[in-house]
Amino acid sequence: MECRHGNFWIGLGIGSILGAVAYRLSRTAKVKQLENDIYDAIHRIGRDAEAAAACAEKKAMNLGVKAVETGADIANKVAEEADKVAGKVKDKWEK
């Protein structure tokens, strides 16, 4: 039994040492700079995504306005043609 407990304490000690070394290495200036670069990149991507969404929304609104204008133009042309046809029918009925 004593051997098993000794192995536990040795493993615990080695794990603690490795954890302390890993933590110390993770706090170096190079790692902090890399971490800051990653956060900056994520924020830039977020801002670019927001700008792209706003641009897409604006283009969709412009496209919608153009579609409505085109539809109105077509409706006016159809109304003019209908008036012409109605005028012709009226002329034929009056004859």
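Data block above holds the structure.
Keep in mind that this is a model prediction, so the values were computed, not measured.

## A few points about the overall build of the chain
Then, number 1: Scanning the chain from terminus to terminus reveals two helices and zero strands.
Then, number 2: Referenced to the eigenvectors of the C-alpha coordinate spread, the extents of the chain come out at roughly 125 × 35 × 10 Å.
Then, number 3: For the chain, with 95 residues in total, the buried portion stands at 0%.
Then, number 4: Surface summary for the chain: the accessible area is close to 8900 Å², and the carbon and sulfur share equals 65%.
Then, number 5: Charged side chains of the chain number 16 positive and 14 negative; the gap between the two group centres comes to 6 Å.

## Quick look at the environment of Ala 54
Then, number 1: Within the secondary structure layout, Ala 54 lies in helix H2 (residues 29-94).
Then, number 2: A relative accessible area of 43% means that Ala 54 is categorised as partly exposed.
Then, number 3: Each C-alpha atom of the pair Ala 54 and Gly 11 lies 56 Å from the other, and the pair is 43 residues apart in sequence.

## Points about the packing of aromatic side chains
Then, number 1: The tally for this structure, following the rule as stated, stands at one aromatic pair.
Then, number 2: When the ring of Phe 8 is compared with that of Trp 9, the centres are 5.3 Å apart and the planes differ by 75°; the resulting orientation is edge-to-face.
Then, number 3: Take Trp 9: its relative accessible area is 57%, and that puts it in the exposed class.

## Comments concerning a nonpolar patch on the surface
Then, number 1: Together, Leu 34, Ile 38, Tyr 39 and Ile 42 give the surface a local cluster of nonpolar side chains, amounting to about 410 Å² of exposed area.
Then, number 2: Tracing the backbone shows Ile 38 in helix H2.

Parameters at a glance
- Residues numbered from 1 in each chain as written.
- Predicted model: local features only at pLDDT ≥ 70, side-chain atom pairs only at ≥ 80, totals over all residues.
- Heavy atoms only, no water.
- Helix = DSSP H or I, 4+ residues; strand = E, 2+ residues; numbered from the N terminus.
- Buried < 20%, exposed > 50% of the residue type's maximum accessible area, 1.4 Å probe, protein only.
- Areas by Shrake-Rupley, 256 points an atom, 1.4 Å probe, with all protein chains shown as cover.
- Lys, Arg positive; Asp, Glu negative; His and termini not counted.
- Charge placed at Lys NZ, Arg CZ, Asp CG, Glu CD.
- Phe/Tyr/Trp six-rings, centres within 6.5 Å; stacked < 30°, edge-to-face > 60°.
- Patch = residues over 30% accessible without salt bridge, like charges linked within 9 Å, V, L, I, M, F, W, Y side chains within 5 Å.
- Salt bridge = Lys/Arg side-chain N within 4 Å of Asp/Glu carboxyl O.

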